[in-house]
Amino acid sequence: MRKKPIVLYAAALAAAMLFTLNLSAQVKKPVLSGEERVRMFSQQDLLRENSPYKDLHWQYIGPTNISGRSTDVEAVHPRGKSYTIWVGTATGGVWKSENEGTTFVPVFDDMPTASIGDIAIDPKNPDVVWVGTGEANIFRSSNAGCGLYRTSDGGKTWELMGLENTNTIGRIRIHPDNSNIVYVAATGHEWTTNKERGLYKTTDGGKTWENILSVNNMTGVYDLVMDPVNPEILYVTTWERMRLKWGDPRTTPETRNCAIWKSENGGKNWKKMINGLPEPRFLGRIGIDISQSNPNVLYAFVDNYEIAYKAEPGELDSYGRQKVDVIKGATVYRSDDAGSSWKQVSGLTPETKTYMERHSGTYGWVFGQIRVDPNDENTIYTLGIRLHQSKDGGRTYSTLDGPHADHHGLWIDPDNSNYILNVQDGGLTISYDQGQTWKYPIEELPLAQFYNVAFDYSTPFRVFGSIQDHHSFFAEVDLSRGRDRVPAQSFDRILGAEGSSHAVNPIDNNTVYASTFYGALARAEIDNYPASQKNLLPIRLEGEPRLRGQWVAPTFLSPHNPDIVYHGMQYVMMSRDRGDTWEFISPDLTYNDPKKMGDISYQTISALDESPLRFGLLYAGTDDGRVWRTMDGGKNWKEIRSGAVPERWVSRIVASAYDVGTVYMTQTGRRDDDFQVYIWKSTDFGDTWTDISGNVPVGPVNVIREDPVSRDILYLGTDASVYISKDSGKRWDLLGDLPFAYVHDLTIHPRDNMIIIATHGRGIWVMDANPINEKNTIRRRW
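Novice: Can you help me understand the overall build of the protein chain in this one?
Specialist: Across its full length, the protein chain carries four helices and 55 strands. For 782 residues, the compact-globule estimate of 2.2 N^0.38 gives 28 Å, and the C-alpha radius of gyration of the protein chain, at 26 Å, lies within 12% of that figure. Principal-axis analysis of the C-alpha atoms places the extent of the protein chain at approximately 75 × 65 × 50 Å. Buried residues in the protein chain amount to 65% of all 782 residues. Counted over contacts in the protein chain with a minimum sequence separation of 6, partners at least 24 positions apart contribute 56%.

Novice: Even after reading the chapter, I still don't get the packing of aromatic side chains, so can you show me in this structure?
Specialist: In this description, a pair of aromatic rings is defined by centroid distance and the angle of the planes. As enumerated under the stated definition, the model contains 23 aromatic pairs in all. Summarising the aromatic geometry, the rings of Phe 108 and Tyr 149 are spaced 5.6 Å apart at their centres and angled 90° between planes, so their arrangement reads as edge-to-face. Of this pair, Phe 108 sits in the loop between β5 (105-106) and β6 (116-121) while Tyr 149 sits in strand β8 (residues 148-151), and the two are 41 residues apart along the sequence. Pair check on accessibility: Phe 108 and Tyr 149 agree, each one buried. Ring geometry for Tyr 355 against Tyr 397: centres 6.3 Å apart, planes inclined by 15°, an arrangement best described as stacked. A residue pair is termed long-range when its members are at least 10 positions apart, and Tyr 355 in helix α3 (residues 350-357) and Tyr 397 in the loop between β24 (387-390) and β25 (398-399) qualify at 42 residues. Clustering of aromatic rings is evident, with ring pairs tying together Trp 86, Phe 108, Tyr 149 and Trp 158. Geometry around Phe 675 places Arg 37 over its ring, the cationic atom sitting 4.0 Å from the centre. If you follow Arg 140 out to its NZ or CZ, it ends over the ring of Trp 551, 3.5 Å from the centre.

Novice: In this structure, what is going on with the pairing of strand β35 (residues 521-525)? I would like to understand it.
Specialist: For a regular strand, side chains alternate in direction, first toward one face of the sheet and then toward the other. By the criterion of burial, β35 is predominantly enclosed, with four of the five residues buried. Sheet topology places strand β34 (residues 511-515) next to β35; five bridges connect them, and they run antiparallel. Bridge pairing links Ser 515 to Leu 521 in β35. Here β34 folds back onto β35, and the loop between the two strands holds five residues, one of which, Tyr 518, carries a positive phi near 50°. Across two bridges, β35 lies against strand β36 (residues 534-535) in antiparallel orientation. The residue bridging Arg 523 from the neighbouring strand is Lys 534, located in β36.

Novice: Can you walk me through the nonpolar core in this structure?
Specialist: Nonpolar side chains tend toward joint burial in soluble globular proteins. Ranked by size, the top nonpolar core spans 29 residues in total, and within it Tyr 235, Ile 260, Ile 288, Leu 298, Ala 300, Trp 342 and Trp 365 carry the most contacts. Contributions of two or more residues to this core are made by β14 (219-226), β15 (234-240), β18 (283-290), β19 (298-309) and β20 (326-335). If we ignore the near neighbours within four places in the chain, the residues touching Tyr 235 are Asp 223, Leu 224, Val 225, Trp 261, Lys 262, Ile 288, Ile 290, Leu 298, Ala 338 and Gly 339.

Novice: Please clarify how the sheet that holds strand β1 (residues 59-62) should be interpreted in this entry.
Specialist: Note: strands within a sheet are paired through backbone hydrogen bonds, in either parallel or antiparallel orientation. Reading across from one edge, β1-β55-β54-β53 is the order of the four strands in this open sheet, with antiparallel pairing throughout. Every other strand in the sheet has two partners, leaving β1 and β53 (743-749) as the edge strands with one partner each. Between one strand axis and the next, the sheet turns by 25° as a mean value, whatever way the strands run. Judged from the three bridges that link them, β1 and strand β55 (residues 763-768) form a sheet pairing that is antiparallel. The partner of Gly 62 across the bridge, within β55, is Ile 764.

Novice: Teacher, can you tell me more about the sheet that holds strand β27 (residues 420-424) here?
Specialist: The sheet built from three strands is open, its strands ordered β26-β27-β28 with antiparallel pairing. If you trace the sheet from one side to the other, it starts and ends with β26 (407-412) and β28 (427-431), each paired once. Direction aside, neighbouring strands of the sheet carry axes that sit 20° apart on average.

Novice: Can you walk me through the side chain of Thr 718 in this structure?
Specialist: Mapped onto the secondary structure, Thr 718 falls in strand β50 (residues 714-718). With a relative accessible area of 0%, Thr 718 lands in the buried category. Other than its neighbours up to four places away in sequence, Thr 718 contacts Val 698, Pro 700, Val 701, Asn 702, Tyr 723, Ala 741, Tyr 742 and Val 743.

Novice: Explanation requested: helix α2 (residues 34-50) in the structure shown.
Specialist: For an α-helix, 3.6 residues make a turn, and residues three or four places apart therefore share a direction. With 17 residues, α2 should reach 24 Å at 1.5 Å per residue; the first-to-last C-alpha distance of 25 Å fits that figure. Of all the residues in α2, the buried ones are Gly 34, Arg 37, Val 38, Met 40, Phe 41, Ser 42, Gln 43, Gln 44, Asp 45, Leu 46 and Leu 47. Taking the backbone nitrogen of Glu 36 as reference, a side-chain oxygen 3.0 Å away marks Ser 33 as the first, capping residue of α2.

Novice: I would appreciate a short explanation of α3 in the present structure.
Specialist: Among all positions in α3, only Thr 352, Met 356 and Glu 357 are buried. For α3, the buried positions fall inside an angular range of 140° around the axis, keeping them on one side. Structural note: α3 exposes Pro 350 and Glu 351 on the side pointing more than 90 degrees away from its buried face. Contact partners of the buried residues in α3: β19 and β20.

Procedures and definitions
Residues numbered from 1 in each chain as written. Predicted model: local features only at pLDDT ≥ 70, side-chain atom pairs only at ≥ 80, totals over all residues. Heavy atoms only, no water. Helix = DSSP H or I, 4+ residues; strand = E, 2+ residues; numbered from the N terminus. Rg over C-alpha atoms; globule rule 2.2 N^0.38 Å. Buried < 20%, exposed > 50% of the residue type's maximum accessible area, 1.4 Å probe, protein only. Contact = heavy atoms within 4.5 Å. Phe/Tyr/Trp six-rings, centres within 6.5 Å; stacked < 30°, edge-to-face > 60°. Lys NZ or Arg CZ within 6 Å of the ring centre and 35° of its normal. Pairing = 2+ DSSP bridges. Core = buried A, V, L, I, M, F, W, Y, C linked by side-chain atoms within 4.5 Å. Axes fitted to C-alpha atoms, helices over the stretch in contact; angles between N-to-C directions. Expected span 1.5 Å × (residues − 1). Polar contact = N/O pair within 3.5 Å; in protein donor to acceptor, adjacent residues only side chain to side chain. Arc of directions from axis to C-beta.

What follows is the structure, encoded as structure tokens:
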């Protein structure tokens, strides 16, 4: 599928396939550049082509009733001559429909990223489509892109057009009269500063690029509109931001560079246009749009950090945290003089003020999208938790109910304003009457963003997982038609929030444990949920540190006794009575640095496991890079990060079921904008570590598992695919025909011998493990 300047390195990469990395004493250099990631992904392509397992088939099992976060939608007009719709997604790539959403096909599966920021269709040729990779919303589970891509044949093949180091792209605009002139708004890295932020322009169809508006290494260009009468006139918004592991990318008192800019000569010169807007220290993300029917009229959608009212002590937000002071938040400004001055039009009465304060919840920096009806300068749409419409120039609003929550993209037919396409965290919706009603059903795009997967021992067995913005669900895995004909099906709600670990009692197959938000653990009976739900975390006494849990806090049942529950916060917690009472069996295992405390729970335990061979032998890893072991059930703990093991977020730690001293660990550098491969093995209880990343070319790495049949087989889930090793990590091969997918979790059902993966953006998949571990011919170890 790929047109390949991406794989011009074939000879060098083929040689690299034979090179097994051994860095037992030398710390690996982080992988920070987009160009290097593209090269590494090309190496993965070669591994796929040469894999002895390339013909094994992954089977999508759902959910068929849940879609996922989508970031942009575009369509070819006029409708009637074409019914083509393009959808860009947060972590599921690009999808195309040629029958107005009746069916979709993925057209970006072979690219080195599935995170999409924006799509632009060439106005002179609808088969030419530009895709900017890297979701610009930088939400909780956003992933970096690696540049700009173009198809000239409607998505059959793609060409890399550069800008690999931008990581996120907010907007693309193509000159209406000259397709060689393209503008790209680069918002910048999510977690680190970088110089490649700004507005890029090409005049030769993408062969060369110039950064025509660069502020600094923390300020990128987010939004961009072009005057419909004079395309030399451009308006852009800049956003100064960087996400922290312990804090969202909010405006601070030091923020000075969020602004609106205008150029009247195609970007050669720029002027700030902020007359009438709040002071720069109160400006956050800004969305902008221009009226196609009257180009003097523009609207700006500002995340306004002026304080609306103070939060009361003890007042909690929707995640159970202390509520911060409420800002004005979503505020709409209008200009009637081509940006020379701005006037606030929203929230001018007590009723509309409250309405707008609630518009974007506590995370207005996620949204920032505004659209003007192309045929009516007074009809606008603002995108927040809900989709909002104003027909009086932004003074009053109504909520357009029907679609899922958290809105990120809207397309309005320039020939018929009644026809609108909307994307949100639930996929795509279509309206033919300006949002008064919505077309259902539309094929649910298979975009569910799972964080985890667990199973039980029912017959047939069931899988459980948590989904971004949809909470937790479960479903049966139906093998009745054959192990290679597992059907996709709808999932049902179960205990747990958007980010959870699930643990199911293997004896009764009915008791389930999962967290709501940030490790707030609960228990329920599956056949009586939600009535049976019981919250389990102990109440903290005055003076005791509050419990800190990660978004996906680790929870599991002891392999020695399913009534024993382990749970990771900043402490390792243990219950011997199914969570009714608790012991804290470790000190705070994190650095507990007060300077790294914020509105996001951080400095927590991110990985936890107990040896199946020895009760009380526990390993713990933290999100701030510490690694620990206890051999006596928590009485004594030893820190075991050493040698080449970097201080990186521990994504998984697995105690071997075959050898009591063997333990595996993976680390992810995603929150450092680092795409290096970190996979470790110890055979001395973690005292020393050996790098077993071998020939795995690209990270981050999320999960490692042992095979339940063969001690030499290991499985790996990365932010790209699934790998298998049959020699304990000396060499790795790509496993099966999986499209590009962020594999957040992987497990193997030991009874039914099915591999199960949870992808963040493509749902849950299974594969028959019999051809891999030959379970029917090899006696199981236990």
